[in-house]
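If you want the building blocks of each chain, they are given just below.
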Amino acid sequence: MSSNLIAWFEIYVQDIGRARAFYEQVLGCTLSRLPVEAVEMWAFPGPTPEAPAPGALMQVPGLPSGGNSCVLYLHCADCAEAAARVEAAGGQLRRPKMSIGSYGFVALALDTEGNLFGLLSSV
């Protein structure tokens, strides 16, 4: 198991340009556009030893931002196997294992407290 379970994070936004300008100014960095279909994503720099968990701003039509609209993706050996254990542990599977191209595979679930989280694996 990795020493850092956070494999990826997403911050959902309504105005990607405004949000990108905000984070670039606050953090003094430049975000990079990710080649993802159907949504617009801008990645934070990294990973680096100082910031080992990569992530991105994400604008998805119809998905609200605000409140606590961040999703953490936790690393696992095979997200299908981990997702299969979600309901037995008291959670709800929201999206079974799906490919995200060269980035690997993800599954989405709700924990027992209603928090959305992702599972990420390379297989």
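Read on for a plain summary of the structure. The structure displayed is predicted, hence computed values, not measured ones.

### Looking at the overall build of the chain
- A tally of regular secondary structure across the chain gives two helices and eight strands.
- Taken from N to C terminus, the helices and strands of the chain fall in the order β-α-β-β-β-β-α-β-β-β.
- Compactness check: the chain gives a C-alpha radius of gyration of 15 Å against a globular reference of 14 Å for 123 residues, within 12% of the reference.
- For the chain, buried positions account for 36% of its 123 residues.
- For the chain, contacts bridging at least 24 residues in sequence account for 52% of all contacts bridging at least 6.
- Total accessible area computed for the chain in this model is approximately 7600 Å², and 56% of it derives from carbon and sulfur atoms.

### Notes on the nonpolar core
- Within the largest apolar cluster, 14 residues are counted, with the highest numbers of intra-cluster contacts made by W8, L34, M41, A56, Y73 and L120.
- For this core, the elements supplying multiple residues, two or more each, are β1 (6-12), β3 (40-43), β4 (55-59), β5 (70-75) and β7 (105-110).
- With three residues, the top contributor of residues to this core is β1.
- Core analysis: the next-biggest nonpolar cluster, separate from the first, contains ten residues, I11, V13, C29 and F44 among them.

### A short note on the sheet that holds strand β6 (residues 92-99)
- Spatially, β2-β3-β4-β1-β5-β8-β7-β6 is the arrangement adopted by the eight strands of the open sheet, whose pairing is mixed. A single partner strand is all that each edge strand has here, and the edge strands are β2 (32-33) and β6.
- One ladder, built from six bridges, connects β7 with strand β8 (residues 116-121); its direction is antiparallel. Bridge assignment links F105 to a residue of β8, and that residue is S121.
- Taken strand by strand, helix α1 (residues 16-27) contacts β1, β3 and β4, and its axis lies near 155° from that of β4.

### A few points about the environment of L74
- Tracing the backbone shows L74 in strand β5.
- Considered as a pair, L74 and A19 are 55 residues apart in the sequence and their alpha carbons are 24 Å apart.

### Some points on the pairing of β8
- Burial analysis of β8 places five of its six residues in the buried class, the great majority of the element.
- Between β7 and β8, which pair antiparallel in sequence order, lie five residues; one of them, G114, sits at a positive phi of approximately 90°.

### Quick word on the state of the cysteines
- Tallied over the entire structure, the rule returns zero disulfides.
- No disulfide involves C70; its sulfur sits 15 Å from the nearest other cysteine sulfur, which is in C29.
- Residue class for C70 comes out partly exposed when judged on its relative accessible area of 43%.
- Cysteine C76 remains unbridged, with the sulfur of C79 as its closest cysteine sulfur at 5.5 Å.

### Overview of the side chain of E10
- Structurally, E10 can be placed in strand β1.
- Here E10 sits buried without a salt bridge, and the closest side chain of opposite charge, R95, lies 9.1 Å off (N-O distance).
- Within the structure, the side chain of E10 is placed 3.2 Å from the side chain of W8, a separation counted as a polar contact.

The rules behind the values
- Residues numbered from 1 in each chain as written.
- Predicted model: local features only at pLDDT ≥ 70, side-chain atom pairs only at ≥ 80, totals over all residues.
- Heavy atoms only, no water.
- Helix = DSSP H or I, 4+ residues; strand = E, 2+ residues; numbered from the N terminus.
- Rg over C-alpha atoms; globule rule 2.2 N^0.38 Å.
- Buried < 20%, exposed > 50% of the residue type's maximum accessible area, 1.4 Å probe, protein only.
- Contact = heavy atoms within 4.5 Å.
- Areas by Shrake-Rupley, 256 points an atom, 1.4 Å probe, with all protein chains shown as cover.
- Core = buried A, V, L, I, M, F, W, Y, C linked by side-chain atoms within 4.5 Å.
- Pairing = 2+ DSSP bridges.
- Axes fitted to C-alpha atoms, helices over the stretch in contact; angles between N-to-C directions.
- Disulfide = S-S within 2.5 Å.
- Lys, Arg positive; Asp, Glu negative; His and termini not counted.
- Salt bridge = Lys/Arg side-chain N within 4 Å of Asp/Glu carboxyl O.
- Polar contact = N/O pair within 3.5 Å; in protein donor to acceptor, adjacent residues only side chain to side chain.

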